[in-house]
2 protein chains.
Amino acid sequence: MSEILVVGSLAYDTISSPEGKVARTLGGSANYFSLAAHHFAPVRVVGVVGSDYRDEDLQMLRSRKVDTEGLQIVEGKTFHWEGKYEGDMNDAITLNTELNVFEHFNPKLPEAYKSSSFAFLANIDPNLQLDVLKQIESPKIVASDTMNFWITSKKQDLLEVLKNVDLVVINEAESILLTEQANAVAAANDILKMGPKAVIIKRGEYGFILKMGENFFALPAFPVARVVDPTGAGDSFAGGLFGYLASQNKALDFDQLKQACVRGAVIASFTVQDFGVTPLKDLTQSMLHTRLDSYLKMTML
Amino acid sequence: MSEILVVGSLAYDTISSPEGKVARTLGGSANYFSLAAHHFAPVRVVGVVGSDYRDEDLQMLRSRKVDTEGLQIVEGKTFHWEGKYEGDMNDAITLNTELNVFEHFNPKLPEAYKSSSFAFLANIDPNLQLDVLKQIESPKIVASDTMNFWITSKKQDLLEVLKNVDLVVINEAESILLTEQANAVAAANDILKMGPKAVIIKRGEYGFILKMGENFFALPAFPVARVVDPTGAGDSFAGGLFGYLASQNKALDFDQLKQACVRGAVIASFTVQDFGVTPLKDLTQSMLHTRLDSYLKMTML
């Protein structure tokens with residue numbers, strides 16, 4: 001087992017969906033990722049929050065083997081995102097984004113973090129992803145995510161990131177935007193040409209596809225009849241999969257990636273069942289094992 | 001192995017997609033279904049065509065063990081559908097529908113067809129589906145498909161069909177329209193309450209879900225990077241799956257349905273690779289076996 005470094009956002013989210021509404025609930029890619037990954041391996045968080053960040057939210061991470069030495073607490077307000085879900089629940093409509101202290105975030109790794117073997121660069125400015133990458137000494141596996149905003153506004157920097165990571169984990173719509181292809185299968189082929197050894201495309205309720213060299217693997221999501229809030233499903237998918245990789249502590253390997261994706265899908269299926277990180281806070285190893293068994297039964301002949 | 005009776009449309013289609021355009025190419029649910037199912041079991045077709053129906057199109061079916069005694073050839077023009085695909089290729093945009101001889105179609109089963117053990121009621125007026133059902137003596141498995149038009153305009157008749165079939169095979173968007181649920185998982189649960197023992201929801205490039213009682217199974221589609229024309233993918237999926245069931249000649253069983261869906265997915269993946277029925281005409285047993293092997297490798301741990 002090896003430690004995972006994750007850099008990403010810690011946020012408060014205001015979310016409405018056909019199932020209800022919550023205001024200023026804990027969110028952000030680094031929180032979702034950490035709450036998923038800690039089930040498999042210890043996590044170190046690099047990020048920034050404002051002086052309004054609730055102490056209970058910090059303690060919640062710390063009580064789960066998440067090292068927060070790399071978390072900067074600065075004067076000002078925490079990143080706030082407001083969004084809503086309608087109709088098929090696959091796409092969030094952003095109503096408001098207040099970057100706040102995130103606007104001038106300058107990630108600086110504590111000395112102890114620099115030897116991390118597993119690094120996940122969650123969705124932040126590709127230049128910050130590159131900054132973090134430079135500070136890590138000799139990682140075994142580096143993975144990155146991104147979003148439409150960076151694809152549109154900082155494509156060259158993003159392409160530089162892709163050249164320097166082993167694994168890309170990206171949403172289906174964003175894979176299509178990035179490659180200008182007609183579907184995720186074609187997009188996966190193109191992304192591999194951009195540098196990474198493997199790519200995982202997240203398809204929401206439709207699961208994921210994984211491509212590494214000529215090897216391809218895909219599964220649907222675990223079925224959830226009542227989706228309350230899809231926020232963070234992709235980040236917890238990434239946390240589960242990357243946590244599994246770190247727990248195995250090996251170089252990137254296709255069979256390991258398949259197993260890792262299955263863990264990601266299982267964790268993500270919990271995330272969507274209630275607002276914010278609520279389902280992840282209550283998650284136990286036993287719940288994970290039971291759902292993993294069901295998932296395999298539902299997808300294997 | 002047992003004979004399959006299929007009732008559905010035989011049509012000429014004019015289709016445009018980002019990959020090109022074809023005019024008056026062979027189409028219709030019964031054609032796609034038969035060209036898929038005949039690989040597994042003999043097929044009997046019930047349908048109607050006009051006097052413009054090309055003899056080569058009739059011979060093409062006959063040369064593939066498809067019995068066309070139940071095919072009515074009447075004065076007038078064959079059903080013609082015109083549609084286009086744009087963007088994500090998952091939904092056809094209908095430009096024009098000319099029912100022609102299909103408008104007064106009155107399905108009448110030849111004597112020999114009445115003892116068919118396997119019957120597939122493809123997407124036609126639910127009243128015609130019921131007419132056909134009444135003429136079959138003691139079927140082992142009856143399955144039906146439908147479309148948005150009947151859900152909206154003849155819901156009561158459609159619900160009567162659903163009470164009288166063992167298996168429903170339906171598109172994802174139509175399952176949601178029929179049940180007014182938010183997603184296919186919830187829709188599957190509701191459809192089972194309408195009468196059938198099992199339901200299969202077709203999700204295009206995202207594969208399928210299968211529900212029978214409390215048993216659930218799902219897989220993504222076989223990956224196709226270049227989709228030329230998705231027309232008939234759902235009907236050939238149904239043909240492959242129902243053909244497999246007839247080849248086993250048993251009552252409805254969950255494990256058989258899983259295997260059947262896999263065959264459906266494999267055949268459908270060929271259908272989308274060129275316009276109309278072209279890929280299905282060229283399909284060999286050996287191509288099916290090779291792709292089945294790849295598909296299982298790509299979806300099984």
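Residues numbered from 1 in each chain as written. Chains lettered and ligands numbered in written order. Predicted model: local features only at pLDDT ≥ 70, side-chain atom pairs only at ≥ 80, totals over all residues.

Asker: What is the right way to look at the overall build of chain A in this model?
Answerer: Counting its secondary structure elements, chain A contains 11 helices and 14 strands. The globule rule puts the C-alpha radius of gyration for 301 residues at 19 Å, and the 17 Å found for chain A is close to it. The proportion of buried residues among the 301 residues of chain A is 52%. A sequence separation of at least 24 residues applies to 67% of the contacts in chain A between residues at least 6 apart. (Helix = DSSP H or I, 4+ residues; strand = E, 2+ residues; numbered from the N terminus. Rg over C-alpha atoms; globule rule 2.2 N^0.38 Å. Buried ≥ 20, exposed ≤ 12 C-beta atoms within 10 Å, placed from the backbone. Contact = placed C-beta atoms within 7 Å.)

Asker: How should the pairing of strand S9 (residues 118-121) of chain A be read in this particular structure?
Answerer: Residues in a regular strand project their side chains so that they alternate between the two faces of the sheet. Residue and element names in this part refer to chain A. Side chains Phe-118 and Phe-120 of S9 all project onto a buried face; the interleaved residues Ala-119 and Leu-121 project onto the opposite face, where all are buried too. Pairing between strand S1 (residues 4-7) and S9: 4 bridges, direction parallel. Note that in S9 the partner of Ile-4 across the bridge is Phe-118. Both S9 and strand S10 (residues 141-144) contribute to a ladder of 4 bridges, which runs parallel. Within S10, the position partnered with Leu-121 by the bridge is Ser-144. For the segment spanning S9, helix H3 (residues 126-135) and S10, crossover handedness is right-handed. (Pairing = 2+ DSSP bridges. Right-handed = clockwise from strand over helix to strand, strands pointing away.)

Asker: When you look at the sheet that holds strand S3 (residues 20-27) of chain A in this model, what are you seeing that I'm missing?
Answerer: Whenever strands of a sheet pair, they do so through backbone hydrogen bonds, lying parallel or antiparallel. All names here are of chain A. Spatially, 4 strands are ordered S3-S2-S7-S8 in an open sheet, and the strand pairing comes out mixed. Each edge of the open sheet is held by one strand with a lone partner, namely S3 and strand S8 (92-98). Adjacent strand axes in the sheet meet at a mean angle of 15°, parallel and antiparallel pairs treated alike. Pairing geometry for strand S7 (residues 79-85) and S8, over 6 bridges, is antiparallel. From the neighbouring strand, Glu-82 faces S8, where its bridge partner is Asn-96. (Axes fitted to C-alpha atoms, helices over the stretch in contact; angles between N-to-C directions.)

Asker: In this structure, what is going on with the sheet that holds strand S7 (residues 79-85) of chain B? I would like to understand it.
Answerer: Residue and element names in this part refer to chain B. An order of S3-S2-S7-S8 is seen for the 4 strands of this open sheet, with the pairing classed as mixed. Because the sheet does not close on itself, it has two edges, and the strands there are strand S3 (20-27) and strand S8 (92-98). Within the sheet, the average angular offset between the axes of one strand and its neighbour, ignoring direction, is 15°. Of the strand pairs in this sheet, strand S2 (residues 11-17) and S7 are connected by 6 bridges, and their pairing is parallel.

Asker: Sorry, what's going on with unusual backbone geometry here?
Answerer: In most cases, non-glycine residues show a negative phi, while peptide bonds are predominantly trans. Residue and element names in this part refer to chain A. In this structure, Lys-65 takes a positive phi of about 60° despite not being glycine. Its location among the elements puts Lys-65 in the loop between helix H2 (55-62) and strand S5 (66-67). What makes Lys-65 partly exposed here is the crowd of 15 C-beta atoms within 10 Å.

Asker: Please clarify how the environment of Thr-231 of chain B should be interpreted in this entry.
Answerer: Residue and element names in this part refer to chain B. Mapped onto the fold, Thr-231 is located in the loop between strand S14 (215-219) and helix H8 (233-248). As a C-alpha pair, Thr-231 and Asp-274 span 43 residues in sequence and 9.6 Å in three-dimensional space. When residues no more than four places from it in sequence are discounted, the contact partners of Thr-231 are Asp-13, Ile-15, Gly-27, Ala-92 and Gly-276.

Asker: Help me out: how do you make sense of the relation of the copies chain B and chain A in this one?
Answerer: Between the two copies of the chain lies a relationship made up of a rotation around an axis and a movement along it. Superposing chain B onto chain A takes a rotation of 180° plus a shift of 0.0 Å along the axis, which leaves an RMSD of 0.0 Å. With respect to symmetry, the two chain copies, as superposed, fit the operation of a two-fold axis. Here 100% of the contact residues of chain B are again contact residues in chain A; the copies associate through an equivalent surface. (Least-squares fit on C-alpha atoms with pLDDT ≥ 70 in both.)

Asker: I would appreciate a short explanation of the environment of Val-161 of chain B in the present structure.
Answerer: Residue and element names in this part refer to chain B. Tracing the backbone shows Val-161 in helix H5 (residues 155-163). The class of Val-161 is buried, set by 25 C-beta atoms lying within 10 Å. Between the C-alpha atoms of Val-161 and Glu-174, which are 13 residues apart in sequence, the distance is 15 Å. Non-local contacts of Val-161, meaning those with residues more than four positions away in its chain, are made with Pro-126, Gln-129, Leu-130 and Ser-144.

Asker: Quick question: what am I supposed to make of the interface of chain B and chain A here?
Answerer: The extent of an interface is frequently quoted as the accessible surface area lost upon association of the parts. The interface of chain B with chain A comprises 29 residues on the first partner and 29 residues on the second. Among the elements that take part in the side of chain B that touches chain A, S14 of chain B stands out by supplying 4 residues, more than any other.

Asker: What's the story with the packing of helix H6 (residues 172-179) of chain B against helix H7 (residues 184-193) of chain B in this structure? I'm lost.
Answerer: The angle between the axes and the distance between the axes are what describe a pair of packed helices. Residue and element names in this part refer to chain B. Where H6 contacts H7, the axes come no closer than 9 Å and their chain directions differ by 60°. Between H6 and H7, the angle falls in the class oblique. Note on packing geometry: the crossing formed by H6 with H7 is left-handed. On H7, the residues that touch Glu-172, Ser-175, Ile-176, Leu-178 and Thr-179 of H6 are Ala-184, Ala-187, Ala-188, Asp-190 and Ile-191. (Parallel < 35°, antiparallel > 145°, perpendicular 65-115°, else oblique. Left-handed = near helix turned anticlockwise from the far one by under 90°.)

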